[in-house]
Amino acid sequence: MQRRPLIAGNWKMNCLKEEAYALAKGVAEKYAACTDPECDVLVCPPAIWILPVVDAVKGRVAVGAQDAHAAKSGAHTGDVSVPMIKDAGARFVIVGHSERRADHHETDADVKAKAKAVIADGLTAVICIGETQDQRDAGKTIDVCRTQIQGSVPEEANAQNVVIAYEPVWAIGTGRTPTTKDVEEVHAAVRAEIAAKLGQKVAEEMRILYGGSVKPSNAKELMALQDVDGALVGGASLKVDDFWAIVETCL
Ligand code: PGA
């Protein structure tokens, strides 16, 4: 099974409008200059910059949101719904990022409800999972990931409407990464759990990204691993050249 890699940039709460526009345009122009690129590229700006970023990329790369409310509309001050994200021209929504699980107390059930809303509107959910340092130290990494998959991934998920991102919480923004052997082991376990939940065919087709301190210097060895189908990149997605160097490892 040949899965097409996806390199996704999670800009988090960074960039003012001009910076967002220039970053998106820079990435999109590099992608457009490639003949037959063998990977997909996604940029996820803060919600307020989705519109200018959609304009900047001119359909050359995909645009995504970093979160969405599970309801279509209503009395939810400060939130953004999936229909709004779709109307703005984005096609992906990150759900369940560890920063949202921690800062906004999102549970697996919340993440699943958001993922269901994303799928219901025809977009693709990037569902994030991953263990904390304490959970890793206690030898619970695989158990935690399996529980998060069971709790956060909707039953209607398939390889078109869901991408999984395995992001060890202790590796996010720290410059630390698991060994390639550890990444390989967790990704294989994640794929097995997807197979148990959604069937072997879906599991073989579904993309599982690695995230957590991916940078130009380590991307090549991480992206070469058997069950790693791309990356969710935070810090290194904020500079065109760094992000592009990561994309290039999959071209
Ligand atoms: P990082 O963030 O690349 O800065 O570690 C990754 C993420 O949180 O998605």
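In what follows, the accompanying structure is described.

Focus on the overall build of the chain
Along the backbone of the chain there are 11 helices and 8 strands. Computed over its C-alpha atoms, the radius of gyration of the chain comes to 17 Å, within 12% of the 18 Å expected for a compact globule of 251 residues. Summarising its shape, the C-alpha atoms of the chain cover approximately 45 × 45 × 35 Å along the three principal directions. For the chain, the proportion of its 251 residues judged to be buried stands at 54%. Looking at the chain alone, contacts between residues at least 24 apart form 72% of all its contacts between residues at least 6 apart.

Re the packing of helix H7 (residues 141-152) against helix H8 (residues 180-198)
Interaxial distance between H7 and H8 falls to 10 Å at its minimum, and their mutual angle equals 35°. Crossing of H7 over H8 shows right-handed handedness. Facing Thr141, Ile142, Cys145, Arg146, Ile149 and Gln150 of H7, the residues of H8 in contact are Glu185, Val186, Ala189, Val190, Glu193, Ile194 and Lys197. Class assignment for the residues of the contact of H7 with H8 results in 7 nonpolar, 2 polar and 4 charged.

Points about the nonpolar core
If you look at the biggest cluster of nonpolar residues, it comprises 71 residues, and the most contacted ones within it are Ile7, Val43, Val53, Ile127, Ile164, Val190 and Met206. One finds Ala62, Ile94, Val126 and Leu209 within the second-largest nonpolar core, a separate group that totals 13 residues.

Some thoughts on helix H2 (residues 50-57)
Looking only at H2, the buried set comprises Ile50, Pro52, Val53, Ala56 and Val57. Mapping the buried residues of H2 onto a view down its axis gives an arc of 165°, with all of them on the same face. Contact partners of the buried residues in H2: helix H1 (17-32), strand S2 (40-44) and strand S3 (62-65). Where H2 terminates, the next one or two residues include Lys58, which has phi positive at roughly 50°.

Describing the side chain of Arg207
Along the chain, Arg207 falls in the loop between helix H9 (200-205) and strand S7 (208-211). The class of Arg207 is buried, set by a relative accessible area of 13%. Separated by 2.9 Å, the side chains of Arg207 and Asp40 make a polar contact. Ignoring any residue separated from it by four or fewer positions in sequence, one finds Arg207 in contact with Arg3, Arg4, Pro5, Leu6, Asp40, Val163, Ile164 and Asp229.

Comments concerning the site of the ligand
In the vicinity of the ligand, 13 residues are found, and the nearest of them are Lys12, His97, Glu167, Gly173 and Ser213. Here an oxygen atom of the ligand sits 2.6 Å away from a polar atom, N or O, in the main chain of Gly173. Taken by itself the ligand offers 280 Å² of open surface, and the protein chains cover 95% of this. Within the shell around the ligand, the residues separate by chemical class into 4 nonpolar, 7 polar and 2 charged.

As for the side chain of Arg191
As for its position among the elements, Arg191 is in helix H8. We classify Arg191 as buried; its relative accessible area is 9%. Setting aside anything within four residues of it in sequence, one finds Arg191 in contact with Arg3, Ala203, Glu204, Met206, Ile208, Asp227 and Asp229.

Points about the layout of surface pockets
In this structure, the largest pocket encloses a volume near 530 Å³. Ala47, Gln66, Asp67, Arg100 and His104 are the residues nearest the centre of the largest pocket, which is lined by 20 residues in total. With 3 residues, helix H4 (residues 98-103) is the single largest residue contributor to the lining of the largest pocket. Within the lining of the largest pocket, the residues separate by chemical class into 8 nonpolar, 6 polar and 6 charged.

Comments concerning empty space enclosed by the protein
Throughout the structure, instances matching the rule amount to 1 cavity of 30 Å³ or more. Quantified by volume, the largest cavity comes out at close to 30 Å³. Along the walls of the largest cavity sit Gly96, Ser98, Arg101, Cys128, Ile129, Gly130 and Glu167, which together make up its complete lining. Taken together, the elements giving at least two residues each to the lining of the largest cavity come down to H4 and strand S5 (124-129). Residues belonging to the lining of the largest cavity are distributed by class as follows: 2 nonpolar, 3 polar and 2 charged.

Remarks on the pattern of salt bridges
In total, this model carries 22 salt bridges according to the counting rule given. We note a salt bridge from Lys12 to Glu99, for which the minimum N-O separation is 2.8 Å. Of this pair, Lys12 sits in the loop between strand S1 (6-10) and H1 while Glu99 sits in helix H4, and the two are 87 residues apart along the sequence. Several salt bridges share partner residues, and in doing so they unite Arg3, Arg191, Asp227 and Asp229 into one network.

Calculation notes
Residues numbered from 1 in each chain as written. Predicted model: local features only at pLDDT ≥ 70, side-chain atom pairs only at ≥ 80, totals over all residues. Heavy atoms only, no water. Helix = DSSP H or I, 4+ residues; strand = E, 2+ residues; numbered from the N terminus. Rg over C-alpha atoms; globule rule 2.2 N^0.38 Å. Buried < 20%, exposed > 50% of the residue type's maximum accessible area, 1.4 Å probe, protein only. Contact = heavy atoms within 4.5 Å. Axes fitted to C-alpha atoms, helices over the stretch in contact; angles between N-to-C directions. Left-handed = near helix turned anticlockwise from the far one by under 90°. Nonpolar A, V, L, I, M, F, W, Y, C, P; charged D, E, K, R; others polar. Core = buried A, V, L, I, M, F, W, Y, C linked by side-chain atoms within 4.5 Å. Arc of directions from axis to C-beta. Polar contact = N/O pair within 3.5 Å; in protein donor to acceptor, adjacent residues only side chain to side chain. Near = heavy atom within 4 Å. Areas by Shrake-Rupley, 256 points an atom, 1.4 Å probe, with all protein chains shown as cover. 1 Å grid on protein atoms, 1.4 Å probe; cavity = no way out; pocket = protein on both sides within 12 Å on 5 of 7 lines; lining within 4 Å. Points joined across faces, edges and corners; volume = space filled by probe spheres on them. Salt bridge = Lys/Arg side-chain N within 4 Å of Asp/Glu carboxyl O.

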